[in-house]
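# Fold and geometry: a report
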Amino acid sequence: STLKSLRKGTAKLVIISSNCPALRKSEIEYYAMLAKTSVHHYSGSNADLGTACGKFYRVSGLSITDPGDSDIIRTLPDAQ
């Protein structure tokens, strides 16, 4: 769904885990570059990223499409 939101242009920020496969990581970064979307490299593993999202499964990459009331896009140093 991360790639789908990048292709549609709805992603505002993409977060990639540290152990995401290299081919998938480069594919996501390429689509993010085309969509002019910021990419944040999460320092933890995909299990840590899933736990941080409140999920019980591993998450290699995710996209923020609507930040809501949070300051997630403004607080990240490499975000726009």
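Data block above holds the structure.
Heads up: these notes are all about the structure in this document.

### Here we look at a nonpolar patch on the surface
Residues Y30, M33 and L34 make up a contiguous nonpolar surface patch of about 340 Å² in total accessible area. The topology assignment puts Y30 in helix 2 (residues 22–35). Judged by its relative accessible area of 47%, Y30 falls in the partly exposed class.

### What to know about the nonpolar core
Formed by L3, L6, A11, V14, I16, C20, I28, A32 and V39, the largest nonpolar core amounts to nine residues. Among the secondary structure elements, those contributing two or more residues to this core are helix 1 (2–8), strand 1 (13–16) and helix 2. Among all residues touching A11, those that are not within four sequence positions of it are S5, L6, T37, S63, I64 and T65. In this structure, L13, I15, L62 and I73 belong to the second largest nonpolar core, which totals seven residues.

Calculation notes
- Residues numbered from 1 in each chain as written.
- Predicted model: local features only at pLDDT ≥ 70, side-chain atom pairs only at ≥ 80, totals over all residues.
- Heavy atoms only, no water.
- Patch = residues over 30% accessible without salt bridge, like charges linked within 9 Å, V, L, I, M, F, W, Y side chains within 5 Å.
- Areas by Shrake-Rupley, 256 points an atom, 1.4 Å probe, with all protein chains shown as cover.
- Salt bridge = Lys/Arg side-chain N within 4 Å of Asp/Glu carboxyl O.
- Helix = DSSP H or I, 4+ residues; strand = E, 2+ residues; numbered from the N terminus.
- Buried < 20%, exposed > 50% of the residue type's maximum accessible area, 1.4 Å probe, protein only.
- Core = buried A, V, L, I, M, F, W, Y, C linked by side-chain atoms within 4.5 Å.
- Contact = heavy atoms within 4.5 Å.

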